[in-house]
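# Understanding the architecture of this molecule
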Amino acid sequence: MAVKPQVLEEKEVYISPYFPEYVRPKIEDPGLDETIKRLTPEKIEKAYQAVFGKETARIKAIIETCIHCGLCAEACQWYLSNDRDPTYSPVAKVKMSAWELIKRKGKVEPGLVYHIARVVFTECNICHRCSLYCPFGLDITFIIGLVRRFCFLLGVVPQRMFEMNQAFMATLNQVWISQSDYIDTLMWREEEGMYELKNLRVPLNKEGVEVIWYPLAAEPKAGVYHIDRIAKIFQVAGVNWAMVTINDAWDSSNMPMFTRDFFTMQRIVKGLYENAAKFRAKKLVLTE
Amino acid sequence: MGFLESVALYSFLRGPMVWLAFIIFIFGSIYRIYTLINLAKKEKVVLPFINIKAAIKSYLHWLIPFASRNWRLKPYFTIFTFLFHTGLIFVPIFLYAHNALWYESWGISWWTLPEIVADVWTIFVIIGCIFFIGRRIFDPTVRFVTNYADFIFVFICLFTFLTGFLAHYQWVLPYKAMLNLHILFGEIMLIAIPFTRLTHMYYFFFTRAWMASQAASWKTKDW
Ligand code: HEM
Ligand code: HEM
Ligand code: SF4
Ligand code: SF4
């Protein structure tokens, strides 16, 4: 029997003034609603110039090759799960964001920045499937990423994503775990695990190991039992492994990638590699 | 009608304009490819990343009908686009009438298509164009991302093939007028290739190479 979801209340709708076909529920998000109030034409143009100003081979080839055939639509979960609404197709997202920015050379109003940010942040997962369905293999995700960077430079990012990005800026991990908290958690889990596996160790900052495991920060924060489970597997498998607690570089979930905050992205990756080099690890294992 | 049929127009289109069209087409294309490669050299990650083997596999899968998943998902589209594109490239090169012109001017000629094959293939190209126009009008997904230029590209192809065909059978307009129109559209098409999104003709090989190389690095395939 098909279960029909019940609509509890009629939601207010947002109809884009730029693309009347774009009809969505109204949402409240201070990351978008408040931040666009601070924009000025100069700021917008400057951010545009920083991202799209210099012509690069990839931007040029992607924009100048797309023949607007719509074949990429078939790939997109957003398009397929919204009754094939044309405004969800990958090329439509590029049309409503990058084409519009490029056409107007960055001279756009805050209202359009709102529309663009909503499209690129809340209606695309950067999954890359569309590129595998496009007959030219156009890297649509790359373009969406650039538009996200444009929005990020302007600070127009959904609140939750921006907060997560700030956590990384401040602590290099997703959930504001301090170094002492982290060490404490790992040692606690070692102790817990010992009841089940004799002599269980969670080796910390050990030199010359085979494997370093970098968890997601959510594991020591919310899924603590992962730590002792993984430790047991390593120990029973006889792997010479360790976890790292120094320099705050241990969370492998590089979320700033989704806001295209290049600076923080780089700090994270660099930190992870530097720690690996310091302890001369041969392999890195990351939680995915 | 007088001007359209005139020998003056014919000699202009068959003389300087042919030269101009081919020169712009050839040098424009070289320029476009050259500038793109040069730009790519300035990006740190593009050229060193290219995986030729993956690229060639990807070309083959997308240049053979139904060899990629999306070609299989869209069978009608695939049939039309392959008839259209193969016709667009092979019919003018191997057409008897075109060969005769090359022979007349340069004394060179090569293998030609039998008349019936050329005619049928031309009709397929015309049907393909109508199919593309229909999609752009009636498929909401395609309509949303279509602009005037997209129609113009298809119409340039449509008119070139239609006028060539009609001239051959001397239908609708007097032969000379139709032929002049045909040559004009053919030349517009050649000139348009380097300057419009019709450059996809060669950018195809670059954009595919890039995506194929990325897909290979993720240990997946892009077809
Ligand atoms: C650049 C200058 C061009 C010249 C001078 C030219 C000339 C001609 C001539 C003289 C004919 C023959 C008409 C007849 O049979 O009496 C013809 C037919 C044709 N041409 Fe062209 N053409 C040119 C470009 C093109 C291009 C670029 C295309 C397509 C991409 C094209 C496609 C055709 C087709 C499809 C036919 C008709 C074939 C049939 O008989 O069914 N031509 N052209
Ligand atoms: C090696 C040469 C070429 C390749 C690999 C190529 C490839 C493609 C591909 C992959 C598409 C996208 C969707 C589709 O399959 O229709 C396309 C569309 C198109 N191509 Fe080409 N193409 C080539 C040459 C040309 C030339 C020479 C022209 C015309 C002068 C042309 C005109 C078009 C048009 C008008 C469309 C759009 C069809 C639509 O409206 O959906 N192509 N081409
Ligand atoms: S990358 Fe974005 S647009 Fe492309 S298929 Fe995934 S969700 Fe859709
Ligand atoms: S499939 Fe590729 S060429 Fe076609 S509309 Fe999508 S991005 Fe453009």
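Use the structure listed above.
Bear in mind the structure is a predicted one, so any value in this text is a computation, not a measurement.

### A word on the overall build of chain A
The secondary structure content of chain A amounts to 14 helices and five strands. The dimensions of chain A, computed from C-alpha atoms along their principal axes, are 65 × 55 × 40 Å. Per-residue burial over chain A gives 53% buried out of 288 residues. If you take every contact in chain A between residues at least 6 apart in sequence, the share linking residues at least 24 apart comes to 74%. Counting every atom, chain A has about 14400 Å² of accessible surface; 56% of that belongs to carbon and sulfur. In chain A, 37 positive and 35 negative side-chain charges are present, and the distance between their average locations comes to 5 Å.

### So, the site of ligand 1
Residues and elements named next belong to chain B. In the vicinity of ligand 1 lie 21 residues, with His98, Asp119, His168, Tyr175 and His182 positioned nearest. Between ligand 1 and histidine 98 there is a distance of 2.6 Å, counted from a nitrogen atom to a side-chain nitrogen or oxygen. In this structure, a nitrogen atom belonging to ligand 1 sits 2.7 Å away from a side-chain N or O atom of histidine 182. For the shell around ligand 1, the elements supplying multiple residues, two or more each, are helix H7 (75–94), helix H8 (96–106), helix H9 (115–138), helix H11 (148–169) and helix H12 (175–195). Ranked by the residues each element gives to the shell around ligand 1, the list is headed by H12, at seven residues. For the shell around ligand 1, the per-class residue count stands at 12 nonpolar, seven polar and two charged.

### Some points on the coordination of the iron atom of ligand 2
Residue and element names in this part refer to chain B. The protein atoms that coordinate the iron atom of ligand 2 are His85 (NE2) and His200 (NE2), at distances spanning 1.9 to 2.0 Å. Here the iron atom of ligand 2 is ringed by six donor atoms whose angles at the metal span 84 to 179°, and the overall shape comes out octahedral. Note that histidine 85 is positioned in helix H7 and histidine 200 in helix H13 (residues 200–217), a separation of 115 residues in sequence. With a relative accessible area of 31%, histidine 85 lands in the partly exposed category. Take histidine 200: its relative accessible area is 14%, and that puts it in the buried class.

### Considerations on the coordination of the iron atom of ligand 1
Residues and elements named next belong to chain B. Protein-derived coordination of the iron atom of ligand 1 comes from His98 (NE2) and His182 (NE2), at a distance range of 1.9 to 2.0 Å. If you look at the iron atom of ligand 1, its six donor atoms make angles of 84 to 179° with each other, and the shape they trace is octahedral. With histidine 98 in helix H8 and histidine 182 in helix H12, this residue pair connects regions lying 84 residues apart in the sequence.

### Overview of the site of ligand 2
Residues in contact with ligand 2 amount to 22 residues; listed here are only the nearest, Thr81(B), His85(B), Leu88(B), Arg136(B) and His200(B). Lying at an intersection of chains, ligand 2 is approached by residues of chains A and B. The separation between a nitrogen atom of ligand 2 and a polar side-chain atom of His85(B) is 2.7 Å. At 2.9 Å, a side-chain N or O of Arg136(B) approaches an oxygen atom of ligand 2. Elements that contribute at least two residues to the shell around ligand 2 include exactly H7, H9, H11, H12 and H13 of chain B. Examining the composition of the shell around ligand 2, we find that six residues originate from one element, H7(B), more than from any other. When its residues are assigned to classes, the shell around ligand 2 shows 17 nonpolar, three polar and two charged.

### Examining the side chain of Asn70(B)
Structurally, Asn70(B) is set in helix H6 (residues 69–73). We classify Asn70(B) as buried; its relative accessible area is 1%. Not counting the four nearest positions on each side in its chain, Asn70(B) is found in contact with Leu71(A), Glu74(A), Tyr133(A) and Trp62(B).

Thresholds applied
- Residues numbered from 1 in each chain as written.
- Chains lettered and ligands numbered in written order.
- Predicted model: local features only at pLDDT ≥ 70, side-chain atom pairs only at ≥ 80, totals over all residues.
- Heavy atoms only, no water.
- Helix = DSSP H or I, 4+ residues; strand = E, 2+ residues; numbered from the N terminus.
- Buried < 20%, exposed > 50% of the residue type's maximum accessible area, 1.4 Å probe, protein only.
- Contact = heavy atoms within 4.5 Å.
- Areas by Shrake-Rupley, 256 points an atom, 1.4 Å probe, with all protein chains shown as cover.
- Lys, Arg positive; Asp, Glu negative; His and termini not counted.
- Charge placed at Lys NZ, Arg CZ, Asp CG, Glu CD.
- Near = heavy atom within 4 Å.
- Polar contact = N/O pair within 3.5 Å; in protein donor to acceptor, adjacent residues only side chain to side chain.
- Nonpolar A, V, L, I, M, F, W, Y, C, P; charged D, E, K, R; others polar.
- Donors = N, O, S within 2.8 Å, 3.2 Å for Na, K, Ca; no water.
- Tetrahedral: all angles 85-135°; square planar, octahedral: opposite > 155°, others 65-115°.

Purely geometric numbers; function is a separate question.
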